2 protein chains.
Amino acid sequence: MDQERPLPPVIERMWGREPAPRRGPRPRLDLAMITAAAIELADADGIGGVSMAGVASRVGVAATALYRYVGSKEDLLTAMADAVAPLPPDPAGLPWRDYLATWTRAQRDIILEHPWVLTISPFVPPMGPRRLLWLDRVLTALDGTGLDDGERINVASTLTGYALTDAAVVYGAGDPAYEKAGISGADEFGAALAEVLDPATYPALSAAVRGGVFSGAEGWVNDDDFLFGLSLLLDGVEQLIARRGGVS
Amino acid sequence: MDQERPLPPVIERMWGREPAPRRGPRPRLDLAMITAAAIELADADGIGGVSMAGVASRVGVAATALYRYVGSKEDLLTAMADAVAPLPPDPAGLPWRDYLATWTRAQRDIILEHPWVLTISPFVPPMGPRRLLWLDRVLTALDGTGLDDGERINVASTLTGYALTDAAVVYGAGDPAYEKAGISGADEFGAALAEVLDPATYPALSAAVRGGVFSGAEGWVNDDDFLFGLSLLLDGVEQLIARRGGVS
DNA sequence: GACGTACTGTGTATGGCGTTCATAGTTTTA
DNA sequence: TAAAACTATGAACGCCATACACAGTACGTC
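About the criteria used
- Residues numbered from 1 in each chain as written.
- Chains lettered and ligands numbered in written order.
- Predicted model: local features only at pLDDT ≥ 70, side-chain atom pairs only at ≥ 80, totals over all residues.
- Heavy atoms only, no water.
- 1 Å grid on protein atoms, 1.4 Å probe; cavity = no way out; pocket = protein on both sides within 12 Å on 5 of 7 lines; lining within 4 Å.
- Points joined across faces, edges and corners; volume = space filled by probe spheres on them.
- Helix = DSSP H or I, 4+ residues; strand = E, 2+ residues; numbered from the N terminus.
- Nonpolar A, V, L, I, M, F, W, Y, C, P; charged D, E, K, R; others polar.
- Buried < 20%, exposed > 50% of the residue type's maximum accessible area, 1.4 Å probe, protein only.
- Near = heavy atom within 4 Å.
- Polar contact = N/O pair within 3.5 Å; in protein donor to acceptor, adjacent residues only side chain to side chain.
- UniProt positions renumbered as here; feature names shortened; annotations may be inferred.
- Domains from an automatic or database assignment.
- Buried area = accessible area lost by both parts, 1.4 Å probe.
- Salt bridge = Lys/Arg side-chain N within 4 Å of Asp/Glu carboxyl O.
- Least-squares fit on C-alpha atoms with pLDDT ≥ 70 in both.
- Contact = heavy atoms within 4.5 Å.
- Axes fitted to C-alpha atoms, helices over the stretch in contact; angles between N-to-C directions.
- Parallel < 35°, antiparallel > 145°, perpendicular 65-115°, else oblique.
- Phe/Tyr/Trp six-rings, centres within 6.5 Å; stacked < 30°, edge-to-face > 60°.

**Focus: empty space enclosed by the protein**
Right, on to step 1. One pass over the full model with this rule turns up one cavity of 30 Å³ or more.
Right, on to step 2. In this model, the largest cavity occupies a volume close to 40 Å³.
Right, on to step 3. Forming the boundary of the largest cavity are Thr 158, Gly 161, Tyr 162 and Leu 233 of chain A together with Thr 158, Gly 161, Tyr 162, Thr 165 and Leu 233 of chain B.
Right, on to step 4. Elements represented by at least two residues in the lining of the largest cavity include exactly helix H7 (149-171) of chain A together with helix H7 (149-171) of chain B.
Right, on to step 5. With four residues, the top contributor of residues to the lining of the largest cavity is H7 of chain B.
Right, on to step 6. Among the residues making up the lining of the largest cavity, the classes are represented as four nonpolar, five polar and no charged.

**A few points about the environment of Trp 96 of chain A**
Residues and elements named next belong to chain A.
Right, on to step 1. If you trace the backbone, Trp 96 turns up in helix H5 (residues 96-113).
Right, on to step 2. Since its relative accessible area comes to 5%, Trp 96 is described here as buried.
Right, on to step 3. Taking the C-alpha atoms as reference points, Trp 96 and Ile 241, 145 residues apart in sequence, are found 11 Å from one another.

**Overview of the protein's contact with DNA strand D**
Right, on to step 1. The immediate surroundings of DNA strand D are formed by 25 residues, with Arg 28 and Ala 62 of chain A together with Arg 26, Tyr 67 and Lys 73 of chain B found nearest.
Right, on to step 2. Those atoms of DNA strand D that come within 4 Å of the protein belong to sugar or phosphate at a rate of 70%.
Right, on to step 3. In the environment of DNA strand D, a base nitrogen lies 3.3 Å from a nitrogen or oxygen atom belonging to the side chain of Arg 68 of chain A.
Right, on to step 4. One nitrogen or oxygen atom from the side chain of Lys 73 of chain B is found 2.6 Å from a phosphate oxygen belonging to DNA strand D.
Right, on to step 5. Of the residues contributing to the surface near DNA strand D, the split by class is 12 nonpolar, six polar and seven charged.

**Thoughts on the UniProt feature "domain: HTH tetR-type" (unreviewed entry) in chain A**
Right, on to step 1. Feature annotation in UniProt places "domain: HTH tetR-type" (unreviewed entry) on residues 28-88 of chain A, given in this structure's numbering.
Right, on to step 2. Across residues 28-88 of chain A, the secondary structure splits into 56% helix and 0% strand, with the terminal C-alpha atoms separated by 30 Å.

**A closer look at the protein's contact with DNA strand C**
Right, on to step 1. Neighbouring residues of DNA strand C: 25 residues in total, closest Arg 26, Tyr 67 and Lys 73 of chain A together with Arg 28 and Ala 62 of chain B.
Right, on to step 2. The separation between a phosphate oxygen of DNA strand C and a polar main-chain atom of Met 52 of chain A is 3.1 Å.
Right, on to step 3. The separation between a phosphate oxygen of DNA strand C and a polar side-chain atom of Lys 73 of chain A is 2.7 Å.
Right, on to step 4. Residues that form the surface near DNA strand C fall into these classes: 12 nonpolar, six polar and seven charged.

**Here we look at the domain arrangement of chain A**
Residues and elements named next belong to chain A.
Right, on to step 1. For chain A, the assigned domains read domain 1 (9-83) and domain 2 (96-173 + 220-244).
Right, on to step 2. Between domain 1 and domain 2, the C-alpha centre-to-centre distance is 28 Å.
Right, on to step 3. The contact between domain 1 and domain 2 buries some 1,100 Å² in all, and 67% of this surface belongs to carbon and sulfur atoms.
Right, on to step 4. Together, Trp 15, Ala 81 and Asp 82 form the three largest contributors to the area buried by domain 1 at its contact with domain 2, with a combined 45%.
Right, on to step 5. Across the contact surface, domain 1 and domain 2 share zero salt bridges.
Right, on to step 6. Counting the contacts that link domain 1 with domain 2 gives six residue pairs in polar contact (both at pLDDT 80 or more).
Right, on to step 7. Of all the elements in the fold, those that place two or more residues in the side of domain 1 that touches domain 2 are helix H1 (9-14), helix H2 (31-45) and helix H4 (73-83).

**Some points on the relation of the copies chain A and chain B**
Right, on to step 1. When chain A is fitted to chain B, the best match, at an RMSD of 0.1 Å, comes from turning it 180° and sliding it 0.0 Å along the axis. Those values place the two copies in the arrangement expected of a two-fold rotation axis.
Right, on to step 2. Most of the interface of chain A is mirrored in chain B: 100% of its interface residues are interface residues there too.

**Some thoughts on the UniProt feature "DNA-binding region" (unreviewed entry) in chain A**
Right, on to step 1. The UniProt entry lists residues 51-70 of chain A under the feature "DNA-binding region" (unreviewed entry), expressed in the numbering used here.
Right, on to step 2. Regarding residues 51-70 of chain A, the helix share stands at 40% and the strand share at 0%, and the terminal C-alpha atoms are separated by 13 Å.

**Details of helix H4 (residues 73-83) of chain B**
Right, on to step 1. If you check which residues of H4 of chain B are buried, you get Leu 76, Leu 77, Ala 79, Met 80, Ala 81 and Asp 82 of chain B.
Right, on to step 2. Each element contacted by the buried residues of H4 of chain B is listed here: helix H1 (9-14), helix H2 (31-45), helix H3 (52-59) and helix H6 (129-141) of chain B.

**Notes on the interface of chain A and chain B**
Right, on to step 1. Of the residues lining the interface, 66 residues belong to chain A; the matching set on chain B comes to 66 residues.
Right, on to step 2. Taken together, both faces of the contact between chain A and chain B bury some 6,400 Å²; the carbon and sulfur share is 69%.
Right, on to step 3. Counting the contacts that link chain A with chain B gives two salt bridges.
Right, on to step 4. When the shortest N-O distance is used, the salt bridge between Asp 235 of chain B and Arg 243 of chain A registers 3.3 Å.
Right, on to step 5. Those elements that provide at least two residues to the side of chain A that touches chain B are helix H6 (129-141), H7, helix H9 (186-196), helix H10 (203-211) and helix H11 (223-244) of chain A.
Right, on to step 6. For the side of chain A that touches chain B, the per-class residue count stands at 41 nonpolar, 13 polar and 12 charged.

**Concerning the packing of H11 of chain A against helix H11 (residues 223-244) of chain B**
Right, on to step 1. For the pair H11 of chain A and H11 of chain B, the least separation of the axes is 7 Å and the interaxial angle reads 105°. Relative to H11 of chain B, H11 of chain A is oriented roughly perpendicular. Of H11 of chain B, the residues touching H11 of chain A (which contributes Phe 228, Leu 232, Leu 233, Asp 235, Gly 236, Val 237, Gln 239, Leu 240 and Arg 243 of chain A) are Phe 228, Leu 232, Leu 233, Asp 235, Gly 236, Val 237, Gln 239, Leu 240 and Arg 243 of chain B.
Right, on to step 2. Taken together, the residues that form the contact of H11 of chain A with H11 of chain B break down as 10 nonpolar, four polar and four charged.

**As for the packing of aromatic side chains**
Residue and element names in this part refer to chain A.
Right, on to step 1. Scanning the entire structure with this criterion turns up eight aromatic pairs over all chains.
Right, on to step 2. Seen from their ring centres, Trp 103 and Trp 134 are 6.3 Å apart, and the 55° between their planes marks the pair as tilted. Within this pair, whereas Trp 103 is found in helix H5, its partner Trp 134 is found in helix H6, the two being separated by 31 residues in sequence. Trp 134 matches Trp 103 in its accessibility class, with the two residues each being buried.

Encoded structure:
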């Protein structure tokens, strides 16, 4: 509001405000091409497969050329985390509860398709065009509920956090450390716990393990678990809305 | 239950099952000393300050000696993430709702004191003695509520996710990228958003920004926001318990 | 009491990484 | 046509995780 503090160059570029050069050779790249290449690499080989050299060779330039577009590798990762998000679902005509449910699930699905997102600080307040679009849509969906802006943003970030958590549990299956230990599902996880837990110091947990909480699941988690936690949250939101006297 | 599949050596060590050597020189270290040193480094200089060489010199050995205790740097990070958790609060005598609230807040506080925890995949199902102790205690606190084991674990992981999310928002303040851009609080964040958002494509969000959602806060978030989201969740849990016919 | 054995810590070396910097090359403006 | 502004390059630097062969040390055995 006060000073026009200059934003970091990468963020400007994420918003399509490329500093149009008036002289010199035309840039062979733009940020979108670079992030797209980096995302392909990450999808294929995980975040470890993303190196400046690798990305550069994929877009056909030398490694150091990328530094004309991003200030550092971290900048690139930030841009990737934003660009990987598709357009958010359209809230038009949906009751808030339905929209929040599909919105949250869609966010989770992004991570399931691109699990490396979890490793690039998925928590920092977003400044990219895509993630802010997601935020905007959920605010819209909460119109007419009587919640104020702050409450709506809180709801949004709580749901985002839930999507992250849930996706991460599913992704736990893919964690290299567990794979190496032969733990590729909740079943093996439970067996490993049983081997290690002392019932005296872990009474409730070892009882649950012996009771078979982790048994019988195909992978780590089924869809019911996701819906379970989600409805917990939405029930909470609904109560709040009722208190505010909004429509349900 | 079936096969005694061998667990990874680090995990054995985390549980104090050091493979007692019967010959050769006595080990000068144990895993606890190493993780403690690494945690001090991370607390001081962030996760980037943790290098094998740095940790090694802090405990007085050569860098490569650490590989007698951890299989890789990732192993070390895993051990750190477990060891950094203090003992969980005691649930004895507390109503479940009170305990869950303090439990969740305590988890958040761990991250606020050691924000680097966020960067070492904080989501993977825990296998360390400390984090499993936390899980055990919350299961205990939910005794008598009528929830089954699976539901209790779901509640626990949802709350953990919430603690992570909330802490991460606060920690957003410390993010180097934002610091560099001069964004050190919600106020500046809002100003930056205002500079970048087009009201046509971001109607609800830019209205909220103009309305001052991000104004007036000292830092990023105040405690009210934490309690707000938390009670959302606990309300949800309470409804579920009521449906199950447990005591409230 | 001496030898072999098993184990711990060291030193050296390697390959990969992100990043810096001076330079060459290219397009536009004057 | 010359200068200016900008882009991509190539070589080099420092840091890092890690592999491997070696030296030193304590226990178990004869």
